[in-house]
Protein chains: 2
Amino acid sequence: METRNIKLVIAYKGTHYHGWQIQKDKITVQGEIQKHLSVLLNHGVVLFGASRTDAGVHALGQTGNFHTTSQKETEVIHHALNKRLPVDIYIKKVQEVPLDFHARKNAQGKHYQYRIWISKEKPVFESETIYWLGDKKIDLESMITAARQIEGTHDFTSFASNAGRKDENKIRTIDTIAITERYPLLVIDVTGVSFLYKMVRGICGTLLEIGRGKSLDIPAILKDRARGSAARNLPPQGLTLMKVFY
Amino acid sequence: METRNIKLVIAYKGTHYHGWQIQKDKITVQGEIQKHLSVLLNHGVVLFGASRTDAGVHALGQTGNFHTTSQKETEVIHHALNKRLPVDIYIKKVQEVPLDFHARKNAQGKHYQYRIWISKEKPVFESETIYWLGDKKIDLESMITAARQIEGTHDFTSFASNAGRKDENKIRTIDTIAITERYPLLVIDVTGVSFLYKMVRGICGTLLEIGRGKSLDIPAILKDRARGSAARNLPPQGLTLMKVFY
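Residues numbered from 1 in each chain as written. Chains lettered and ligands numbered in written order. Predicted model: local features only at pLDDT ≥ 70, side-chain atom pairs only at ≥ 80, totals over all residues. Heavy atoms only, no water.

Asks: Account for the domain arrangement of chain A, naming residues and giving values.
Replies: Residues and elements named next belong to chain A. Looking at the assigned domains, one finds that chain A contains domain 1 (4-97) and domain 2 (109-245). Placing the centre of domain 1 and that of domain 2 at their C-alpha centroids yields a distance of 27 Å. With 16 residues of domain 1 at the contact, the number on the domain 2 side is 15 residues. Surface buried jointly by domain 1 and domain 2 totals about 1100 Å² across both partners, of which 57% is contributed by carbon and sulfur atoms. A per-residue breakdown of the area domain 1 buries against domain 2 is headed by Asp54, Val57 and His58, which together make up 39% of the total. Run the count over domain 1 and domain 2 and you get two salt bridges. With a closest N to O distance of 3.6 Å, aspartate 54 and arginine 201 form a salt bridge. At the surface where domain 1 touches domain 2, the tally comes to ten residue pairs in polar contact (both at pLDDT 80 or more). Split into classes, the residues belonging to the side of domain 1 that touches domain 2 amount to five nonpolar, nine polar and two charged. (Domains from an automatic or database assignment. Contact = heavy atoms within 4.5 Å. Buried area = accessible area lost by both parts, 1.4 Å probe. Salt bridge = Lys/Arg side-chain N within 4 Å of Asp/Glu carboxyl O. Polar contact = N/O pair within 3.5 Å; in protein donor to acceptor, adjacent residues only side chain to side chain. Nonpolar A, V, L, I, M, F, W, Y, C, P; charged D, E, K, R; others polar.)

Okay, here's the thing in structure tokens:
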């Protein structure tokens, strides 16, 4: 039987999953999709994801790929898979791709979005998909200035939660950080080639501290190469993987 | 000690509650707020709510009132109560009112909103707060025409889920039904003096069937005074109590 390679574009609310990556005895997004694909295609399926999103982190444009010997049409797989998946996972696209395509290895870049709710009023409908800050004054200009200093190619050890892993190359390239205020929503869009563990949440946490008036020197933080120099990570619920570029 | 009467304006996502009304061994919105108020004020509190919203139904403007002998300032109660409440309940307003005010008995009207998501794409972030219809063609004009026929004072037995209760007066007054398309969102705003059990969901279900092309005669349905004449209720997650008028 001829093997085909199928690419998926996936949306999910991460709240009720232990992250993307399959784990024993835990409900994960990868595990959930693989399980249904395996039943649907009558063989064990391994789904490679572009990004191992953490527990509570969401996606509107995660990508994955899997090999199958099934000759089912992509539209049939698309429809049947969406019928089986729970309310918080949705397959946006199913597409046959060349056999050597790999969702993670071939990714040229990723766009993450972090959403902060700046209001006294707690957003009861969105508590799982945005980060509620409360009613705080934000200095947008300082945040934008700091964002400009984070953009580019740097050693991002200070923003990574696995800073202890000395063997890993910590140099990454951030293409753009756009900060948009749509009161009461503050949106931080981060686009880069690839990211260290929890790096986006570390960057957003540091930018927000600066926005709240803390005097933090980005070039000095980058130079320190120590996680303690930057501010704390923002919580997972505000973060969404928007798009993977190829 | 002098007794005071305190009015609350309350927002909640109803997904994780067995409705508003307190029930033995069930987590309810009324039960949750009463529990925290009782601890906060050092005496048992009974919270009267304006509307007994069903399991899964939300509120952005539910109202309630309770009597207390505590002399704590309303701002103190407001702040302390919000600190204690879970992420999906928020007190918008705390206000001292005359002793004879009763949240339900004094209500002059209520505004409910039903939100329908008309798109092929499943809304993974909002699956608990809107009703996902899928990608269907909707005849908005027919819905608006039917809505005009529902407005006014009628016997609404055909739209009530407790139609069997013969002792209850089933005559109610609907002030306005506004239907707004904000693609992919279809919003039905229903304002009336008071409502029978599940009446808004019955009305919205009937309007949606008409929008999807079913030929349903509203005057005939009203005249029938039988629940089977109208279409099925829409599910709870699309419904929100927006405001109670006094």
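Asks: Run through the packing of aromatic side chains, naming residues and quoting values.
Replies: Residue and element names in this part refer to chain B. Applying the stated criterion across every chain yields a total of ten aromatic pairs over all chains. On the numbers, 5.2 Å between centres and 90° between planes, the contact of tyrosine 112 with phenylalanine 195 is edge-to-face. Taken together, the residues tyrosine 112 in strand 5 (residues 109-117) and phenylalanine 195 in the loop between strand 9 (185-192) and helix 4 (199-211) connect sequence positions 83 residues apart. Among the residues examined, tyrosine 112 registers a relative accessible area of 8% and is labelled buried. (Phe/Tyr/Trp six-rings, centres within 6.5 Å; stacked < 30°, edge-to-face > 60°. Helix = DSSP H or I, 4+ residues; strand = E, 2+ residues; numbered from the N terminus. Buried < 20%, exposed > 50% of the residue type's maximum accessible area, 1.4 Å probe, protein only.)

Asks: Quick rundown of the interface of chain B and chain A? Include the residues and the values.
Replies: In this complex, chain B contributes 24 residues to the contact, which on the side of chain A involves 24 residues. Interface of chain B and chain A: buried area, both sides summed, is about 2000 Å²; carbon and sulfur atoms make up 59% of it. At the boundary of chain B and chain A, one finds two salt bridges. Measuring nitrogen to oxygen at the nearest pair gives 3.4 Å for the salt bridge that ties Glu128(B) to Lys13(A).

Asks: Please provide a residue-by-residue account of the confidence of the model for chain A, values included.
Replies: Of all residues in chain A, 98% attain a pLDDT of 70 or more, and the chain-wide mean is 96. The ipTM value of the predicted complex is 0.91, and its pTM value is 0.93. (pLDDT = per-residue confidence, 0-100.)

Asks: Tell me about the relation of the copies chain B and chain A, and please be specific about residues and values.
Replies: Taken as rigid bodies, chain B and chain A are interconverted by a rotation of 180° and an axial shift of 0.0 Å, the fit giving an RMSD of 0.0 Å. The transformation relating the two chain copies, once decomposed into turn and shift, fits a two-fold axis. Of the C-alpha atoms belonging to chain B, the one lying closest to the rotation axis is found on Glu126(B), 4.1 Å away. When the interface residues of chain B are mapped onto chain A, 100% of them are again interface residues, pointing to one common binding face. (Least-squares fit on C-alpha atoms with pLDDT ≥ 70 in both.)

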